[in-house]
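Chain by chain, the residues run as shown.
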Amino acid sequence: MKRNIFFHKNKLKKAAVWMLLALPLTLTAQEVYNKQADSLEASTIINVLYGKQSRQSLTSSVFSVSGSELRKTQTSTLSNSMFGRFPGMAAIQTDGEPGYDEATIYMHGQHSMRGNGFVILVDGFETDAFNQLSADEIESVTLLKDAAALAMYGIKSANGVLLVTTKRGVVSRTPKIAFNARYGLQTPTYLPKLGDSYTYASLYNEALQNDGLSPVYTPSQLDGFKSESDRYLYPNTNWYDEVLKKISSIQDYTLTFSGGNNFARYFVMGGFMSSAGLYANTDKDNSSNINFQRFNFRANVDIDITKSLLVQVGLGGRVENRKFPANITTADLFRNMVVYAPTLYTARTHDGQLTGTSLYPNNPVGSVLGKGWDSRISRDAQATVYAKQKLDIVSKGLGVFGGFSSRSSYQGAYYKTRTYAYAEPIYTTLPTGEESLYYLQRGANTDLVVGNSGDSESDRLAFQFGAEYERSFGNHDVNALAMYQQDEYSVLPNQAAYAKRNFMGRLRYAFSQKYLAEFSWSYSGTENYPPGKKFGFFPSISAGWIISNENFLKNSHVINYLKLRASAGILGSDVGAARFAYNEYWGTSSNQGYYLGTAVAYSDAFVQVQIANPDLTWEKSKIFNIGMESKWLSNKLGFAADFFIERRSDILINDNNVTPSLSGITISKMVNKGKVSNYGIDLSASYNDRIGKLNYFINPMFSFCRNKITESYETPKEEQARYQQGRPLGQRFGLEAIGFFKDETDIANSPYQTFMPVCPGDLKYKDQNEDGIIDVHDEVAIGKPTNPEIYYSCNFGVSYKGFDVEFLLQGNSGRSVYLSDYTIWPFYSNGNNISEWAANGHWTSGNSANATFPRLTTINNTNNYRSSDFWVRNVSMLRLRNAELGYTFSGSKLQKVKVEKLRVYLSAVNLFTTSTLAPNVDPETLSVGYPTLRTYSFGLSANF
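By convention here, each chain's residues receive numbers from 1 onward along its written sequence. The predicted nature of this model means local features are confined to residues of pLDDT at least 70 and side-chain atom pairs, given and counted, to a pLDDT of 80 or more, with totals for whole chains, interfaces and linings taken over all residues. The basis for every side-chain value is the complete set of non-hydrogen atoms in the structure, without hydrogens or water.

Chemist: What is the right way to look at unusual backbone geometry in this model?
Modeler: Glycine aside, negative phi is the norm for most residues, and most peptide bonds take the trans geometry. Non-glycine residue N327 carries a positive phi angle of around 65°. Segments assigned H or I by DSSP are reported as helices when at least four residues long, segments assigned E as strands when at least two residues long, and all are numbered from the N terminus. Here N327 shows up in the loop between strand 14 (309–325) and helix 7 (330–339). A positive phi angle, near 55°, is found at L633, a position not held by glycine. Position of L633 relative to the elements: it lies in the loop between strand 27 (619–632) and strand 28 (637–654).

Chemist: Sorry if this is basic, but what is going on with the sheet that holds strand 6 (residues 119–122) here?
Modeler: Each strand in a sheet pairs with its neighbour through backbone hydrogen bonds, running either in the same direction (parallel) or in the opposite one (antiparallel). With respect to topology, five strands assemble into an open sheet ordered 3-8-9-6-7, the strand pairing being mixed. The two strands at the open ends of the sheet, each matched to only one other strand, are strand 3 (62–66) and strand 7 (125–126). Note: strand 8 (residues 138–144) against strand 9 (residues 161–166), six bridges, orientation antiparallel. Note on strand 9: the bridge partner recorded for L143 is L162. In this analysis, strands are considered paired if DSSP registers two or more bridges between them.

Chemist: How should helix 7 be read in this particular structure?
Modeler: Helical geometry note: an α-helix holds 3.6 residues per turn, so side chains three or four residues apart project in the same direction. Buried, partly exposed and exposed residues are distinguished by accessible area as a fraction of the type maximum, computed with a 1.4 Å probe on protein chains only: under 20%, between the cut-offs, and over 50%, respectively. Most of helix 7 sits out of view: seven of its 10 residues are buried. Listing the buried residues of helix 7 in full gives T330, L333, F334, N336, M337, V338 and V339. Residue contacts follow a heavy-atom distance rule, with two residues in contact if any of their heavy atoms lie within 4.5 Å. Each element contacted by the buried residues of helix 7 is listed here: helix 6 (239–243) and helix 8 (364–369).

Chemist: Before we go on, may I ask you to explain the packing of aromatic side chains in this structure?
Modeler: In this description, an aromatic ring pair is defined by two values, namely the gap between the centres and the angle between the planes. Each Phe, Tyr or Trp ring (for Trp, its six-membered ring) is paired with any other whose centre lies within 6.5 Å, and the angle between the two planes then decides the class: stacked below 30 degrees, edge-to-face above 60, tilted in between. A full pass over the atoms with the stated rule returns 43 aromatic pairs. Seen from their ring centres, Y200 and Y204 are 5.6 Å apart, and the 15° between their planes marks the pair as stacked. Here Y204 and Y200 lie together in helix 4 (residues 197–210), a separation of four residues that amounts to about one turn. Across this residue pair, the class does not change: Y200 and Y204 are buried. Geometrically, the ring pair formed by Y887 and F889 is edge-to-face, given 4.7 Å between the ring centres and 80° between the ring planes. Accessibility expressed as a relative area gives 28% for Y887, which makes it partly exposed.

Chemist: It is not clear to me how helix 4 should be interpreted in this structure. Could you clarify?
Modeler: Expected span of a helix: the number of residues minus one, times 1.5 Å. Between its terminal C-alpha atoms helix 4 stretches 20 Å, which fits the 20 Å expected from 14 residues at 1.5 Å a residue. The complete set of buried residues in helix 4 reads S197, Y200, A201, L203, Y204, N205, A207 and L208. Buried residues in helix 4 make contact with helix 5 (219–227) and helix 10 (836–841). Directly beyond the C-terminal end of helix 4, a positive phi value near 75° is found at G212.

Written out as structure tokens, the structure reads:
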């Protein structure tokens, strides 16, 4: 496909080389960012897009956290260290599998039906490798939240941007060496509590009788399960106990070197992290256990070629190795551990052979130990070069700059797989009435087969150049920036690259360090939109007033710093648009084929597969923000607040929703007609003080965010209550349950439920439209959105002499979850153990008044197990994300051995959780799949 607005890749490389030779320039090094980086003090330096700024001069909404703060959470993926660290950011961890346990993050909630993914920039260039960075290579992470902070990123800015700045060297008389080591033990936070064999068998018989079927478990079998007289004849298999061990390990080590002089500075880091899985009885040489290993490296060098020319070179990357059992996904393995009933069979026979049946062949122990192992290999490297040339000889404060980045990634798979023979248990009843067991051999043991597959590569090439002018004239401070950036991302073997161009600028003005104003803009576009409509203009304007610098507050002993600010702007988001959807496409279809010739041969038809949308465009976000920052009581107390309103428009929706079927159009066409409104507030505070030699601090944060779909163009419905429009994104719909049917008389006197014949103990629903029939037309909005509306945290701690202790509490509320499928519905899909909720609370004729669960059934009950508010639970949770106790050694004895500081500490992650869900259900993963982990660690940090 012709792309007439973007450079060919070879031309891009030539242009980048020319730019580096002719316009040497770079961004300046980031000042050291300590724990108080966001303490609201006027002198604090904050990263912003393509530069840095003092907090006093900021008119935008940003929040920064240092890499040392993120390091306090020992985890295999960086996003799991961000819980509770940023006001305006909500994070949910829905999986605990090492290496695949990254948190789902939302910045100021959800904005769109098409996607809410945000942009991550590392040292000024876009990346998708954020989760696998090491916290020890990070100087700071900055969240950009309002239009003033985001406008310069233009067409990809509306969902938020996260700036990551890596560490750089500073001038030092001697090299600085730091070593960090940490070893942790991990245990599951939650595992489902399931019934034993006797509970399962007796309740399964009850469910069969409820369905009008004969029991399958005899009284003697029930006695055998209860007495556990013969573990092979009467199995009582807890698959979690068979497959999982109690403890796994996680460890990480980093070594850094930094230093330099006025001519050159350097920072070099090497790191290793390893996180093992919970699968038991695996071996080191031929392991089928989950294992995730990562090697990180980083080398940053800053060189002052002349007094006016600074060049920075950076090289960073990682090597990852993942291992896991072959021929089964982690999700399927954990599903089988619930679906395979405890009465089915023991994990092994008397002589140690793996067991199985034709209906249930995937013995969970065999899936881990008997099928070999699979692995994934990832290699990623990024090189950056920046330069900055001061042009004071032309005009004081003028400079030109430019940068180039090249990133390459590779992924591949290597595996050793096999099949195993298994013994199928055959249970019979002898003429004497005794139970008997023998085994049939099935399948065959095969040798390991070695293979590889799934190789993929990607490359990202980007460059930027521009000019900046910064000058003070008496009471007037001026800063102007104009620059160009181009980014091209290729995924092999795809032919069409993802490309982006951005012309952008920023103009800042301050008068008397009291009155601030800023205008920023971007004219940016991508290859994915129609010719002539690829680019858009994204402006923002902001202002600030530093009230504490006014004469009437200048000498106040109560208010040390007070600033009001406001911003407004238009941002863009290109998330969710199909590739080149402005074109129509044709192809073959077997669903619309025809028969041809006397032989009645069937041929595929040549059909239109996509309708062109020549007006395709990006989402547009109008954002207004007003904020306040302050410091009180001799800078001991800090407080900040932001209130925002967002109006998102031009969201892609399926035009088929409102296209009459008489038109004959069956192909979906995405058009920009959806709209969403969003508003919220972020609050953060800090207080630190000392009593004698005891220092203490507390930093609470609170965020609230609520959205509403204002235009959705849904398929017309008879009932207004069934429309998504006017409701939050992620709103669930279903029936309103009003109890259980008491008896046949209750059923006869109630509206007719159309889903299947009902019985006493089944769920009874409200007839919303009062037509005497319960069907889909009675569905209404149930529960709250799937993402939390309220997100809060509190970080607090004390230190005394060399001791320190710190805690991070984090919670959320205003969220609903839907309890369903195999962990909740007993005997579902021809199997399944039974949860404590169902076992203890299911409806029977004897406990109908106290029942909390429908009657038991062995069929997939389309009445009870359909979407309804019975299965919805409003969730509030509070989790102790981090706890740390440490002691720091210092003094002359250490200095004699060239050690400046030595710290040892104990830490814990996910130490406890309270929630409104049942005690054995994780409020984030819902106890489905690999569990989230609780970690206990011992660590050591040494500085030389």
